[in-house]
Amino acid sequence: SKGGPRSKSNEDTANLVSDENSTRNFAEKRINADSQTVQSTLNDIGLDEYVPAFSALGLDNLEDFKFVQPSDLDDMKMKPIHRRKLVQFLRHQGIQVESF
């Protein structure tokens, strides 16, 4: 068949590019802090279990994380590794937060 191997090769290349794009490390992904929602951010970094707690605090966007206190995270019983993961992500986004 004409173009069979070539078509397969192009398809494989497209799949590889797609896989690379979908599996980027969250720390490599820069986002617009004003437009990124708290829910989508927490989903992106695997901390979606905390969405209701952060919503209850009143966070509207990533910039609001500057106002989160360690006691807020204590109250929601955020695990230490999850705190570090969140801090690393926020700092990479250029949002200056204290260690929680």
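This report concerns the structure included in the present document. Remember, predicted model here, so these are calculated numbers, not experimental data. (Residues numbered from 1 in each chain as written. Predicted model: local features only at pLDDT ≥ 70, side-chain atom pairs only at ≥ 80, totals over all residues. Heavy atoms only, no water.)

## Some points on the nonpolar core
Note the following rule: Side-chain atoms within 4.5 Å link the members of a nonpolar core, which is a set of buried Ala, Val, Leu, Ile, Met, Phe, Trp, Tyr and Cys residues. Relative accessibility under 20% of the residue-type maximum defines a buried residue, over 50% an exposed one, and the middle range a partly exposed one, all with a 1.4 Å probe and only protein chains included. Counting from the N terminus, the helices are DSSP H or I runs at least four residues long and the strands are E runs at least two residues long. It only takes one pair of heavy atoms within 4.5 Å for two residues to be counted as in contact.
Counting 21 residues, the largest nonpolar core has Phe54, Phe65, Leu86, Leu90 and Phe100 as the members making the most contacts within it. Counting only elements with at least two residues in this core, the list comes to helix 2 (38-44), helix 3 (51-57) and helix 5 (80-92). Not counting the four nearest positions on each side in its chain, Phe100 is found in contact with Phe65, Val68, Pro70, Leu73, Arg83, Leu86, Val87 and Leu90.

## Overview of the packing of aromatic side chains
By convention here, two paired aromatic rings are described through the distance between centres and the angle between planes. We count it as follows: The rule is short: rings of Phe, Tyr and Trp, with Trp giving its six-membered ring, pair when the centres are within 6.5 Å, and they are stacked under 30 degrees, edge-to-face over 60, tilted in between.
Throughout the structure, instances matching the rule amount to 1 aromatic pair. With a centroid separation of 5.1 Å and an interplanar angle of 65°, the aromatic rings of Phe54 and Phe65 are classed as edge-to-face. Taken together, the positions of Phe54 in helix 3 and Phe65 in the loop between helix 3 and helix 4 (70-75) put the pair 11 residues apart, joining distant regions of the chain. Accessibility classification places Phe54 together with Phe65 in one group, the buried group.

## Re the side chain of Asp72
Looking at where Asp72 falls in the secondary structure, it is placed in helix 4. With near-sequence residues (within four places) excluded, Asp72 lies in contact with Leu57 and Phe67.

## With respect to the pattern of salt bridges
Defined as follows: Whenever a carboxyl oxygen of Asp or Glu lies within 4 Å of a side-chain nitrogen of Lys or Arg, that contact is scored as a salt bridge.
Following the criterion strictly, the structure yields 2 salt bridges and no others. Note that Lys66 and Glu63 form a salt bridge whose closest N and O atoms lie 2.9 Å from each other. Residue Arg83 is joined to Asp74 by a salt bridge in which the shortest nitrogen-to-oxygen separation is 2.5 Å. Given the relative accessible area of 12%, Arg83 is considered buried.

## What to know about unusual backbone geometry
Positive phi, close to 60°, is recorded for Lys77, a residue that is not glycine. Position of Lys77 among the secondary structure elements: in the loop between helix 4 and helix 5.

## Some remarks on the environment of Val87
Looking at where Val87 falls in the secondary structure, it is placed in helix 5. Along the primary structure Val87 and Phe65 are separated by 22 residues, whereas in three dimensions their C-alpha atoms are 9.4 Å apart. The contact partners of Val87, leaving out residues within four places of it in the chain, are Val97, Glu98, Ser99 and Phe100.

## Describing helix 5
Put simply, the rule reads: Helix span, as expected, comes to 1.5 Å for every residue beyond the first. It is the directions from the helix axis to the C-beta atoms whose arc is reported.
For helix 5, with 13 residues, the first-to-last C-alpha span of 18 Å sits near the 18 Å given by 1.5 Å per residue. Every buried residue of helix 5 is listed here: His82, Arg83, Leu86, Val87, Phe89 and Leu90. Down the axis, helix 5 shows its buried residues gathered within 165° of arc, on one side only. Away from the buried face of helix 5 by more than 90 degrees, exposed residues Pro80, Ile81 and Arg84 are located.

Remember, this is a structural readout, not a statement about activity or role.
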